[in-house]
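# Summary of the model geometry
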Amino acid sequence: MRTDEDLEAMSSLSKRVTLQLVGFSLGSLGWILSCIITRHAEWRLWLVDNTTIFSSGIAHVGIWKICFPPNLKISSDYGIVCCHEFNFNENFFPVEMFLAQILLLIATFLGGLGIFFTLLPPWHFYMRTIRKTQAICLFLAGGILHIIAGLCVVVPVSWNFYSVANNSSIPFPPSFHLPSFPVAQKIGIAIPLGISSGLMLLISGIIFLYIRSPVTSVRVNPLNPRS
């Protein structure tokens, strides 16, 4: 028959395993979303009026790519979607877009590294090739990396959300045939995905800082080997 200490240890073991799975799942999903939004074109949706090249439509503005309205005046039969890849820190970029390029690249790297660190302790623990202090250090490192990655996502995404809410301008070059100010501006799908990504990474990091060490086996009362 199991003692109260055994039941308490099993309950602690179950909670620790659950937290590790939740932390790893949130960290992985948050990292995947951060990779997706980095190259996504729908950060800002610009409603533009008639220009010399485009009829009224929506331009999809990302931090690495822009897709122009799919209604060229020279082609009335069908819509053509033309996209342009941005270089790093274009001259016309506002600060929030340049910052997003840098911080999201950092978040992608640190998030992946954090996943690697948090995956090592359970594996090596069950293989009995790691000490508890080493496992604690790896979990702490993974948790800190996830938190930093989460902040690197939340800050630029929130700043770009603020810019959209205030209908901020982007001084596109003349070759783009786009106005500096749109008729209206809305947030694209990348903004809510980015907020979700940042929150997942932050929560994952906090979880790993909380649990710190891998699960340990429950000691069984030697007087009751079947307990």
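What comes next concerns the included structure. Bear in mind that the values here come from a model prediction, so they are computed numbers and not experimental data. (Residues numbered from 1 in each chain as written. Predicted model: local features only at pLDDT ≥ 70, side-chain atom pairs only at ≥ 80, totals over all residues. Heavy atoms only, no water.)

Moving on, we come to the pattern of salt bridges. Side-chain pairs of opposite charge can arise where the charged atoms are in close proximity. Evaluation of the coordinates by the stated rule reveals two salt bridges. A salt bridge links Glu 85 to Arg 39, with the nearest nitrogen and oxygen atoms 2.8 Å apart. Placement of the pair is Glu 85 in strand 4 (residues 83-85) and Arg 39 in helix 1 (residues 4-39), with a sequence separation of 46 residues. By relative accessible area, Glu 85 is classed as partly exposed at 42%. (Salt bridge = Lys/Arg side-chain N within 4 Å of Asp/Glu carboxyl O. Helix = DSSP H or I, 4+ residues; strand = E, 2+ residues; numbered from the N terminus. Buried < 20%, exposed > 50% of the residue type's maximum accessible area, 1.4 Å probe, protein only.)

If you look at the biggest cluster of nonpolar residues, it comprises 17 residues, and the most contacted ones within it are Ile 37, Trp 43, Ile 63, Leu 104, Val 153 and Val 157. Put simply, the parts of the chain that give this core at least two residues each are helix 2 (95-126), helix 3 (132-165) and helix 4 (190-211). What Val 157 contacts, discounting residues up to four positions off in sequence, is Ile 37, Trp 43, Ile 191, Gly 194 and Ile 195. Listed in part, the 14 residues of the second largest apolar core include Val 48, Phe 68, Met 97 and Ile 170. (Core = buried A, V, L, I, M, F, W, Y, C linked by side-chain atoms within 4.5 Å. Contact = heavy atoms within 4.5 Å.)

Taken as a whole and judged by the stated rule, the model has one disulfide. Through a disulfide, Cys 67 is tied to Cys 83; the S-S separation comes to 2.1 Å. Across the disulfide from Cys 67 to Cys 83, rotation about the S-S bond amounts to roughly 100°, and the bridge is consequently right-handed. Here Cys 83 lies in strand 4 and Cys 67 lies in strand 3 (residues 65-67), a separation of 16 residues in the sequence. In this structure Cys 67 comes out as buried when scored by relative accessible area, which is 9%. A relative accessible area of 42% means that Cys 83 is categorised as partly exposed. (Disulfide = S-S within 2.5 Å.)

Moving on, we get to the packing of aromatic side chains. The description of an aromatic ring pair uses the distance of the two centres, along with the angle that the planes make with each other. Going through the model one piece at a time under the given rule, you end up with 13 aromatic pairs. Geometrically, the ring pair formed by Trp 64 and Phe 88 is stacked, given 6.4 Å between the ring centres and 25° between the ring planes. Pair noted here: Trp 64 is in the loop between strand 2 (57-61) and strand 3 and Phe 88 is in the loop between strand 4 and helix 2, with a separation of 24 residues, a long-range link. Accessibility expressed as a relative area gives 10% for Trp 64, which makes it buried. On the basis of an interplanar angle of 15° and a centroid distance of 5.4 Å, the ring pair of Phe 139 and Phe 208 is categorised as stacked. Highlighted residues: Phe 139 in helix 3 and Phe 208 in helix 4, separated in sequence by 69 residues. By way of ring pairs, the aromatic residues Trp 46, Phe 68, Phe 86, Phe 92, Phe 93, Phe 172 and Phe 176 are connected into one cluster. (Phe/Tyr/Trp six-rings, centres within 6.5 Å; stacked < 30°, edge-to-face > 60°.)

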